[in-house]
Amino acid sequence: YRYAENLAHGLGHVYNPGVPCEGFTSPAWMYILAATASFGWSTLWMSKVIGALCGAFSILMMILAVRRITDDSRIIFLASFFVTSSQILLAWIPSGMDTALFVAWLSVWVYMMVRNPTGVLVPALLVLIGVWIRPEAYIISLVGVLWILRAHQNDPGARRRVTLAGIALLAVALPFVWRYLTFIELLPTTFFAKSDRTIRSGLGFLFGAINGYGAVAWTVALVGLWKLRRSMMWAA
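Below: a short report on this structure.

1. Some thoughts on helix 2 (residues 27-38)
Note on helix geometry: an α-helix contains 3.6 residues per turn, so any two residues three or four positions apart are oriented the same way. Here helix 2 is 12 residues long and its end C-alpha atoms lie 16 Å apart, about the 16 Å a rise of 1.5 Å per residue gives. Those residues of helix 2 lying buried are P27, A28, W29, M30, L33, A34, T36 and A37. Once helix 2 ends, the next one or two residues include G40, with phi positive near 85°.

This is the structure in structure tokens:
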């Protein structure tokens, strides 16, 4: 909140005026809250309102994704119940944290992968957005990029694969360039601050966080496995 309010009042990306130092996880969330602060609105309450809207949107996208897999109303109900009863998700959505925005992004990513598993353009554009929300988007995006490249491995034309790989590399580079130009830092220091500042503990935190707010992804994946249970013995 303090970063957003300082930015809205022309003081820059600072916690204390005159001292640029990264102390936030999500640039996108900070800019959104800064926009609300520029109107004189409370960043505290607006973060909770936007978080609740992101949560409702995430549930809607999850239901749409599940309906593309099955039209069984019982499965759709169980999937909806599973997501809406996720205690970590319910705790984070109205908390005012950037995790709500990331869950909304993740739900769109999952829906698009279900709708068009071999599509290139939309997932690539989602990568460009997600990496500005939270660093965990790098891991999610890597899985998606590898899946799409695998889907096009027998494509005689390599243009789509090269284009996707180029956009992905550009997406990976831009936040690091922005971070260096703004704070003279390359890595998201907030993540290392939550650990003992080692790569191992930092990665452990990343995967732990994904497990916490990945309820939408896990739910759709389980429904997909249920759909395949008769055609693939391993899915049973």
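2. Quick notes on the side chain of N6
Assignment of secondary structure puts N6 in helix 1 (residues 2-8). Overall, the relative accessible area of 12% leaves N6 in the buried class.

3. Focus: the pattern of salt bridges
Opposite charge on two side chains allows them to pair when their charged atoms are near. A complete count under the given rule lists three salt bridges for this structure. Measuring nitrogen to oxygen at the nearest pair gives 2.3 Å for the salt bridge that ties D98 to R134. In this pair, D98 sits in the loop between helix 5 (87-92) and helix 6 (99-115) while R134 sits in the loop between helix 7 (121-130) and helix 8 (137-151), placing the two residues 36 residues apart along the sequence. The exposure class assigned to D98 is buried, which follows from its relative accessible area of 10%. When its relative accessible area of 4% is taken as the criterion, R134 is described as buried.

4. Some words on the packing of aromatic side chains
Counting across every chain of the model gives 11 aromatic pairs. With a centroid separation of 6.5 Å and 20° between ring planes, the pair formed by F77 and F81 is classed as stacked. Of this pair, F77 and F81 both sit in helix 4 (residues 73-84), four residues apart, roughly one helical turn. Here F77 matches F81 in class, with each residue exposed. A network of ring pairs unites the aromatic residues Y3, Y15, F24, Y31, W132, W178 and F183 as a single cluster. The ring of Y15 has R2 lying over it, and the distance from NZ or CZ to the ring centre is 4.1 Å.

5. A closer look at the packing of helix 6 against helix 8
In the contact formed by helix 6 and helix 8, the axes pass within 12 Å of each other and the chain directions differ by 5°. Classified by the angle their axes make, helix 6 and helix 8 are roughly parallel. Contact with helix 6, carried on its side by F102, W105, L106, W109 and M113, involves A137, I140, S141, G144, W147 and I148 of helix 8 and no other residues of that element. Of the residues that constitute the contact of helix 6 with helix 8, the class distribution is nine nonpolar, two polar and no charged.

Analysis parameters
- Residues numbered from 1 in each chain as written.
- Predicted model: local features only at pLDDT ≥ 70, side-chain atom pairs only at ≥ 80, totals over all residues.
- Heavy atoms only, no water.
- Helix = DSSP H or I, 4+ residues; strand = E, 2+ residues; numbered from the N terminus.
- Expected span 1.5 Å × (residues − 1).
- Buried < 20%, exposed > 50% of the residue type's maximum accessible area, 1.4 Å probe, protein only.
- Salt bridge = Lys/Arg side-chain N within 4 Å of Asp/Glu carboxyl O.
- Phe/Tyr/Trp six-rings, centres within 6.5 Å; stacked < 30°, edge-to-face > 60°.
- Lys NZ or Arg CZ within 6 Å of the ring centre and 35° of its normal.
- Axes fitted to C-alpha atoms, helices over the stretch in contact; angles between N-to-C directions.
- Parallel < 35°, antiparallel > 145°, perpendicular 65-115°, else oblique.
- Contact = heavy atoms within 4.5 Å.
- Nonpolar A, V, L, I, M, F, W, Y, C, P; charged D, E, K, R; others polar.

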